[in-house]
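So you can see what is in the structure, the chains are spelled out below.
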Amino acid sequence: MALNISFLLSRLLDESESLRFKIHEDEKSQERGDNASPAALAEEIIEVKKAIQPDSFIIDLGHGDPTMYEQFWKKTGKKATILIPGWQSLSYYSDINNVCWFLEPKFAGEVRRPHKLVGNANTDNRHIVVGTGSSQLYMAALYALALTDSSKQPITVVSTGHAGTRIGWALVKDKDIAQKMTEFIELNTIGVSKDSQLRAAKILGAVSDSCTNSANSESFFEFGHRLMTQRWKQLRDAVRTSGLFSLPECEEDIEDCERFLGQHKIITRSGKPFRGDINFDKYGLFVERLSNIITF
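As the structure is a prediction and not an experimental result, all values here were calculated from the model.

## Some points on the pattern of salt bridges
Alright, step 1. Taken as a whole and assessed by the stated rule, the structure comprises six salt bridges.
Alright, step 2. A salt bridge links Lys-194 to Glu-104; its shortest N-O distance comes to 4.0 Å. Placement of the pair is Lys-194 in helix H7 (residues 194–212) and Glu-104 in the loop between helix H3 (70–76) and helix H4 (105–118), with a sequence separation of 90 residues.
Alright, step 3. According to the relative accessible area criterion, Glu-104 is buried, its value standing at 12%.
Alright, step 4. Here Arg-226 ties to Glu-218 by a salt bridge, and the two come within 2.8 Å at their closest N and O atoms.
Alright, step 5. Classification of Arg-226 by relative accessible area gives partly exposed; the value is 38%.
Alright, step 6. Residue Glu-218 is classed as partly exposed on the basis of its relative accessible area, which comes to 31%.

## Things to note about the packing of H4 against H7
Alright, step 1. For the pair H4 and H7, interaxial distance at closest approach is 8 Å and the crossing angle is 30°. Put simply, H4 runs roughly parallel to H7. Both H4 and H7 take part in a crossing whose hand is left-handed. Residues Lys-106, Phe-107, Glu-110, Val-111, Arg-113, Pro-114 and Leu-117 of H4 touch H7, and the partners they reach there are Gln-197, Ala-200, Ala-201, Leu-204, Gly-205, Ser-208, Asp-209, Cys-211 and Thr-212.

## Some details on the pairing of strand E4 (residues 168–172)
Alright, step 1. Within E4, five of the five residues are buried, leaving the element largely enclosed by the surrounding structure.
Alright, step 2. The pairing of strand E2 (residues 127–131) with E4 spans five bridges and is classified as antiparallel. By the bridge assignment for E4, His-127 is matched with Val-172.

## Brief notes about H7
Alright, step 1. Compared with the 27 Å implied by 1.5 Å per residue over 19 residues, the 27 Å span of H7 between its first and last C-alpha is a close match.
Alright, step 2. The N-cap of H7, judged by a side-chain oxygen 3.3 Å from the amide nitrogen of Asp-195 a few residues on, is Ser-193.

## Quick notes on the packing of aromatic side chains
Alright, step 1. In this structure the tally under the stated criterion is eleven aromatic pairs.
Alright, step 2. Ring plane angle 45° and centroid distance 5.4 Å describe the contact between Tyr-143 and Phe-184, whose orientation is recorded as tilted. Of the two residues, Tyr-143 is situated in helix H5 (residues 133–146) and Phe-184 in helix H6 (residues 175–189); the sequence distance between them amounts to 41 residues.
Alright, step 3. Judged by relative accessible area, Tyr-143 falls into the partly exposed class, the value being 25%.
Alright, step 4. Assessed through its relative accessible area of 16%, Phe-184 is described here as buried.
Alright, step 5. Taken together, a centroid distance of 5.5 Å and an interplanar angle of 80° make the contact between Phe-220 and Phe-221 edge-to-face.
Alright, step 6. Since its relative accessible area comes to 13%, Phe-220 is described here as buried.
Alright, step 7. What makes Phe-221 partly exposed here is its relative accessible area of 39%.
Alright, step 8. Here the aromatic cluster, defined as three or more aromatic residues joined through ring pairs, consists of Tyr-69, Phe-72, Trp-73, Phe-220, Phe-221 and Phe-223.

Reading the values: rules and limits
- Residues numbered from 1 in each chain as written.
- Predicted model: local features only at pLDDT ≥ 70, side-chain atom pairs only at ≥ 80, totals over all residues.
- Heavy atoms only, no water.
- Salt bridge = Lys/Arg side-chain N within 4 Å of Asp/Glu carboxyl O.
- Helix = DSSP H or I, 4+ residues; strand = E, 2+ residues; numbered from the N terminus.
- Buried < 20%, exposed > 50% of the residue type's maximum accessible area, 1.4 Å probe, protein only.
- Axes fitted to C-alpha atoms, helices over the stretch in contact; angles between N-to-C directions.
- Parallel < 35°, antiparallel > 145°, perpendicular 65-115°, else oblique.
- Left-handed = near helix turned anticlockwise from the far one by under 90°.
- Contact = heavy atoms within 4.5 Å.
- Pairing = 2+ DSSP bridges.
- Expected span 1.5 Å × (residues − 1).
- Polar contact = N/O pair within 3.5 Å; in protein donor to acceptor, adjacent residues only side chain to side chain.
- Phe/Tyr/Trp six-rings, centres within 6.5 Å; stacked < 30°, edge-to-face > 60°.

Below you can see the structure in the form of structure tokens.
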């Protein structure tokens, strides 16, 4: 949910400035005495002013989109930029000696770096299986486990958080499982884009470098922590101001939060698909209209 906020704010501000410019031009046109009648121009200006009110916008919180990290990547600049020549990566194969034969070696190396820095997963003696996002890897894991002993140890599945690359990876201890997961991806998409892997490798390298060379600037994780903390506070303040919600359930006698928020032009996900009650709303608790966060 919080990932959408920067995008929503930028869209609101961009559209607002565009409409304000139109109002300014219409007012200038009226001063010059252009063809349109003063009454028609005045009516048009009123309609445009109505259109830029916050209540006129529909806010879609039904999915996540990590555009909130754009500021960090703009500051990173060339450190996360890659040039791929047209002759590079022509083959289906990356490393025929690897269990995951379409895994780019450079990407595999950069996958291990942040895990070792953060300490959230063991990469030693693990097979890396790359996938087109985490969803494909979950399906590959289900395929592999359905064909083998279900007592096999769990598989760690990770995605980059840089959604446009469509890259995820799994750290798999059991070789047979890794082979079957690779088989699924081979049948499903005949491997994974090398261009995406090379770009993801550059991005992951920049993330790791930001952690080891962060003396004069925030690391990627520090930036994300600060921003999420700030937005969580804004969210709680908005909810507290409304008096209608608590985190994460509706306080009043509202049977369906998704439907209720939809009436206020806020698209959310119901709790029902997540095996919760319909009055549990996963993404719908940030409501700028409740506390008038966005002002013009």
